[in-house]
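So the chains spell out like this:
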Amino acid sequence: MTDQRPIPVDTDDDSVTKTPPRRAVASEESETTNDQRLFATLAHILGIATGPFGALLIMLLKKDDEWVANEARKALNFQITVFLTFACGVVLSIILIGILVVIAAAVLNVVFCIIAAAHIHEGNPYHYPITLQLIKQPA
């Protein structure tokens, strides 16, 4: 959706100036606060440097905030999946294919963490495409 405002027209030189359209705002964006988005973004971005420990720390610190805890749980599950992929790659490095697995896991970790952080920063939930669901949402 775009904002449908009238286009102002300058009558002196008959030039038309257009105002840029606004982006559509997701309904969930208005339900989250800046602090929630900040902590959830950190949970996803910290995975690049700290692996599963950053997401685990934020999940434990923000367990009272359901939205942040849920996003931190998704980031934690993804980081555990990446860690297991690294471990398999190290074992497979004996037959040289493991080196490719480790490089691919490292690159995909950075890419997906940045994509997730961008989605979360806008207030939209993000689901990693390939993730083992080892840490379940508490009932």
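Residues numbered from 1 in each chain as written. Predicted model: local features only at pLDDT ≥ 70, side-chain atom pairs only at ≥ 80, totals over all residues. Heavy atoms only, no water.

A. Inspection of helix H3 (residues 52-61) at higher detail. Considered for burial, the residues of H3 that qualify are Pro52, Gly54, Ala55, Ile58 and Met59. The buried residues of H3 occupy an angular sector of 165 degrees when the element is viewed end-on, so they sit on one face. Away from its buried face, by an angle of more than 90 degrees, H3 presents the exposed residues Phe53, Leu60 and Leu61. For H3, the elements touching its buried residues are helix H1 (34-45), helix H2 (47-50) and helix H4 (66-92). (Buried < 20%, exposed > 50% of the residue type's maximum accessible area, 1.4 Å probe, protein only. Helix = DSSP H or I, 4+ residues; strand = E, 2+ residues; numbered from the N terminus. Arc of directions from axis to C-beta. Contact = heavy atoms within 4.5 Å.)

B. Main features of the packing of aromatic side chains. Under the criterion given, the structure shown has three aromatic pairs. Geometrically, the ring pair formed by Phe78 and Tyr128 is stacked, given 4.1 Å between the ring centres and 0 degrees between the ring planes. Of the two residues, Phe78 sits in helix H4 while Tyr128 sits in the segment after helix H5 (97-121), which places them 50 residues apart along the sequence. Among the residues examined, Phe78 registers a relative accessible area of 4% and is labelled buried. Taking the relative accessible area as the measure of exposure, Tyr128 reaches 9% and is therefore buried. Between Tyr126 and Tyr128, the aromatic rings sit 5.2 Å apart at their centres with planes inclined by 90 degrees, giving edge-to-face as the arrangement. (Phe/Tyr/Trp six-rings, centres within 6.5 Å; stacked < 30°, edge-to-face > 60°.)

C. Representation of the pattern of salt bridges in the model. In total, this model carries one salt bridge according to the counting rule given. The partner of Glu71 in a salt bridge is Lys74, with the nearest N and O atoms 3.0 Å apart. Here Glu71 pairs with Lys74, and both are found in helix H4, just three residues apart, close to one helical turn. Take Glu71 and Lys74: they sit in the same class, and that class is buried. (Salt bridge = Lys/Arg side-chain N within 4 Å of Asp/Glu carboxyl O.)

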